[in-house]
Amino acid sequence: MSGYTPTLPQIKAQLREIREKFAGDRIIGLSSSAIWEGPNQIEVDGEKFEILQGISTLQIRERLLEFAPETSSMVLLTSLSEDDLGNDITARLAKERVFPINAWDIVKCLFRARHVDPLIVKHRWIADTLIEHAPVDGYRAVAGGILDGDTVWGVLLEKLLGLKDGRPDATALLTWLLVPENGEKFQSFSAEIQDAVCSRIRQTGGEVGASIMRCVCSGHGASALSIGLVCRVVFGANGTTESNRREAAVRLEKYNDGQALDPTVALAWAKTAEAISENLAETDGLGAIRPLIEGADALLAEILADKYAYISNVLLTGFQQRLNKYGESLTAFLKNRCERTLDNLEECAEQVFKHHQAKWQSDVKRRAEMALRLSRWLVLAEKRKPVNSFSEAAQAYMDTGSFVDWARRSLLSGEDTEKVAQAYESLRIEIGTIRETENKAFAKLLAEWVDTGSSCDNLLVIENVLDEVVASLGEHGAVLLIVMDGMSAPVFRELVEDIVKQGWMARTRVETKAPLPVIAAIPSVTEVSRASLLAGKLTKGDSSTEKQLFKNHSRLAALCSTQSPPLLLHKNDLSGSGGTELDGDVRKKIASQRNKVIGAVINVVDDHLLKGDQTFPKWTTSYIPVLHSLLQEAQQAGRTVVLTSDHGHVLDHQTVLRQHDDGERWRRGKDNPESDEIVVRGSRVVMPTDNVLIAPWSESVRYGMKKNGYHGGVTPQEMVVPLAILAPSDQDIDGFTVCGNPFPQWWFDSAQGEPAKIQQTAAVSVKPALKVQEEPSLFDINLEDRTSTTDVTWIDVLMESPVFASQEKLVARAAPPREQIRAFLVALESRGGKLTCAALARSLDEPVFRINGLVAVMRRLLNVDGYSILERDEPSDSVSLNRSLLQLQFELDIPTKS
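Reading guide: rules and limits
- Residues numbered from 1 in each chain as written.
- Predicted model: local features only at pLDDT ≥ 70, side-chain atom pairs only at ≥ 80, totals over all residues.
- Heavy atoms only, no water.
- Salt bridge = Lys/Arg side-chain N within 4 Å of Asp/Glu carboxyl O.
- Helix = DSSP H or I, 4+ residues; strand = E, 2+ residues; numbered from the N terminus.
- Buried < 20%, exposed > 50% of the residue type's maximum accessible area, 1.4 Å probe, protein only.
- Phe/Tyr/Trp six-rings, centres within 6.5 Å; stacked < 30°, edge-to-face > 60°.
- Lys NZ or Arg CZ within 6 Å of the ring centre and 35° of its normal.
- Pairing = 2+ DSSP bridges.
- Expected span 1.5 Å × (residues − 1).
- Bend = angle between axes of the 7 residues up to and from the residue.
- Right-handed = clockwise from strand over helix to strand, strands pointing away.

### Focus on the pattern of salt bridges
- Counting across every chain of the model gives 49 salt bridges.
- A salt bridge links Asp150 to Arg167, with the nearest nitrogen and oxygen atoms 3.2 Å apart. Taken together, the residues span a long stretch of sequence, with Asp150 in helix α8 (residues 149–161) and Arg167 in the loop between α8 and α9 (170–176) at a distance of 17 residues.
- Of the residues examined, Asp150 reaches a relative accessible area of 36% and is grouped as partly exposed.
- A salt bridge links Glu278 to Lys359, with the shortest nitrogen-to-oxygen separation between them at 3.0 Å. Pair noted here: Glu278 is in helix α14 (residues 263–284) and Lys359 is in helix α18 (residues 356–360), with a separation of 81 residues, a long-range link.
- According to the relative accessible area criterion, Lys359 is partly exposed, its value standing at 32%.
- A single network of salt bridges, built from pairs that share partners, joins Arg384, Asp405, Arg408, Arg435, Glu438 and Glu699.

Take a look at the structure:
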């Protein structure tokens with residue numbers, strides 16, 4: 001290779017090649033076009049060579065006169081040809097010539113190969129590149145002494161482009177192009193190299209890889225991932241387009257080096273781009289992909305296709321369009337509440353939830369979920385029968401009203417999208433009107449109940465909680481009573497949803513399905529209701545009074561030793577010196593079995609209500625560190641926990657001030673209540689001393705300064721106190737059983753009535769799973785024939801099949817009872833083959849925490865040979881069943897479900 005400037009390893013490789021053919025010659029001439037800056041002497045396989053840089057014939061002749069061939073050999077590096085050197089010099093050279101550097105010979109030496117793939121050898125630039133980028137000690141030796149194309153391209157693509165894979169696919173290419181300089185580097189190469197690289201990538205990455213490289217060649221490599229995202233919109237779900245998007249596809253051609261994109265290739269490009277976007281967001285956060293998504297949005301606008309952005313599950317513009325459509329459908333539902341408009345709302349909500357942004361904008365998704373739940377409840381609310389007693393009203397609030405209030409509280413923070421914000425406000429007003437009617441009825445029943453002596457049938461009054469719950473549990477082991485001051489039932493619902501995910505199970509007495517509603521003392525304020533709770537009798541007092549009365553409670557004291565009486569801890573007792581950590585001494589007391597009954601008062605909710613910042617926290621244990629620590633310590637100690645409150649609260653939202661001097665939500669008086677107030681009289685009215693007060697039944701009235709929330713009134717939000725008995729999942733308590741799933745059916749779906757029940761033969765009327773529509777008519781759906789009759793007798797055929805029997809043996813003792821297996825399958829079938837885990841728990845009447853284990857066992861049972869018949873989707877927390885695949889793998893002779 002005349003004129004080539006070799007490196008030291010290359011010179012050594014060439015000398016070895018020459019020595020194998022010409023062993024005796026002492027001076028070897030090699031062609032070199034640049035100044036040698038290496039060592040003056042080298043050693044090759046034990047032979048020493050002096051290196052002479054031959055610039056001119058005179059200089060070479062002088063140096064050869066001094067050369068002693070008997071002591072060493074010489075390498076003459078020169079850019080002069082044999083004719084330039086003259087006969088006297090060439091006569092002393094091996095074979096009387098200057099050897100050109102043979103690039104492929106050097107390459108073979110570098111890889112310790114005997115043969116090179118013939119398809120590679122014809123490309124001179126490949127050898128040059130391999131030599132140029134060779135490590136000092138050469139490359140790793142090739143297997144079998146054959147240098148194949150995959151090995152060569154693996155080196156070339158890494159050295160030239162930074163691609164780590166010698167067989168790059170679309171994923172590797174789009175990931176590589178996330179670094180803008182990579183595409184620019186490719187464009188700097190010669191046309192020969194570019195063509196060869198593109199040809200290689202077509203082989204390994206197919207037509208998708210070829211299209212991506214055309215994008216790079218046209219100078220748009222940095223936008224390759226964004227272009228992929230746009231392809232989803234332009235070519236839709238099935239590769240077909242209507243006229244406007246066909247025009248957009250033509251405008252997109254300039255990003256494909258002027259060529260039309262094949263729809264199948266474009267959708268494969270889109271799928272890869274979406275997967276990379278999601279993975280990037282998972283690993284590096286949403287900020288890592290925001291520029292790419294914004295670039296795609298800008299490109300959509302450029303090709304006049306931005307109005308179709310909703311087709312994409314990734315684009316920000318598409319998420320906003322889906323939200324807008326959801327807001328429109330909610331507004332339409334509120335104007336005409338019927339099955340058709342509710343079905344349309346469900347479909348639009350599903351489109352919002354499946355968008356990638358829903359995962360990252362979790363608060364937006366949460367509000368959309370709550371609005372959908374409230375819409376379902378609205379349909380049911382019109383059919384509900386009025387309650388006839390106070391105990392029924394209190395139970396109804398815990399079973400349903402608390403969930404309604406949890407959901408509507410979530411909507412108070414509003415929404416940035418105008419159409420959605422307006423729809424939420426309309427929904428909130430609609431729900432609020434109904435709830436005010438219920439509040440008024442509740443207050444009337446409460447006043448009658450108090451006036452007639454406050455009979456406790458089917459109710460638990462707050463002063464009896466210590467006797468009937470804490471002391472009863474204390475007979476079976478150590479108890480920790482946690483009083484969340486001011487915690488309403490809606491806050492409780494949200495908090496317990498988080499707690500049960502941490503290994504706790506809610507318990508209730510065997511004879512009841514759920515804990516009885518607890519009724520606060522009157523007025524529903526801390527001074528009265530918390531004191532009554534902790535004293536075990538109707539009273540009023542401060543924290544010091546509470547400590548003394550709790551310590552001296554007769555039944556609790558009887559459970560404890562005189563050295564370790566019942567212990568009540570308030571805010572200052574719980575926190576260590578840092579203010580947030582649980583005090584070390586408290587941890588020891590909880591761990592110790594000597595302190596059998598411990599109470600702890602947490603003021604986080606009440607403290608939040610005192611503020612005026614109008615914030616809406618998500619109530620979890622991570623938001624309340626002291627609660628998290630208490631639960632953790634109790635769990636480790638095996639303590640049963642009673643989580644309760646002293647009273648609830650109403651939130652401030654457009655409240656009206658009426659100036660009175662008594663409480664925030666109660667005042668003295670017997671006469672002249674306003675239309676939104678009621679008189680309550682009886683022994684449960686602890687203050688004023690005449691046992692009579694006036695309190696608002698409406699949420700919209702306050703008597704004091706503006707704050708986040710208030711208490712003292714007679715709404716169910718203030719009067720119905722939540723209570724949960726929590727035990728570690730592996731701990732049994734005599735006389736108590738696991739609570740059923742507390743969530744109402746409308747919380748999960750719009751099906752009317754109860755979940756599917758176990759039946760030996762059944763034809764269940766169900767709503768089929770909704771299909772995703774990604775064509776430009778924004779979520780227009782066919783609302784005809786939305787119900788069908790589904791025969792579930794296939795489950796019996798399945799369970800009698802030989803393959804099923806074999807799978808049962810494989811799972812062995814872990815297999816659930818056949819009745820539970822059937823109920824599991826019926827629940828899935830009755831909802832089109834897919835259910836959230838929470839909805840599945842509801843259908844099976846099982847606690848949510850047990851569903852994960854059940855699903856894991858059912859997957860082992862049903863997924864024959866590893867086929868994904870039953871799948872668990874973590875992001876959506878749902879379970880899906882593939883009926884067609886099940887029929888195939890279990891060899892069932894039944895019709896396939898259409």
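### Thoughts on the packing of aromatic side chains
- Under the defined criterion, the tally for this structure stands at 15 aromatic pairs.
- In this structure an aromatic cluster arises from ring pairing among Phe403, Trp406, Phe743, Trp746, Trp747 and Phe748.
- A cation over an aromatic ring shows up here: Arg245 above the ring of Tyr308, its NZ or CZ 5.7 Å from the ring centre.

### A short note on the sheet that holds strand β8 (residues 460–461)
- Here we have three strands laid out as an open sheet, ordered β8-β11-β21, and mixed in their pairing. Of all the strands in the sheet, just β8 and β21 (720–721) have a single pairing partner and so form its edges.
- Where β8 meets strand β11 (residues 518–519), two bridges bridge the pair, whose relative direction is parallel. Pairing of Val461 across the sheet is with Ile519, part of β11.

### Topic: helix α11 (residues 191–217)
- Helix length check: α11, at 27 residues, gives a terminal C-alpha distance of 10 Å against a target of 39 Å (1.5 Å per residue), a shortfall beyond 12%.
- Of all bends in α11, the biggest is about 135 degrees, found at Gly205.
- Taken from the residues just after α11, Gly219 is the one with a positive phi, measuring 90 degrees.

### Overview of the pairing of strand β4 (residues 73–78)
- The buried fraction of β4 is high, at six of six residues.
- Neither face of β4 is open: one carries Ser73, Val75 and Leu77, the other Met74, Leu76 and Thr78, and all of them are buried.
- Note: strand β1 (residues 27–31) against β4, five bridges, orientation parallel. Across the sheet, the residue bridging to Leu30 is Leu77, located in β4.
- Here strand β3 (residues 47–54) pairs with β4 via six bridges, running parallel. Note that in β4 the partner of Glu50 across the bridge is Met74.
- What joins β3 to β4 is helix α2 (residues 57–66), and the crossover it makes is right-handed.

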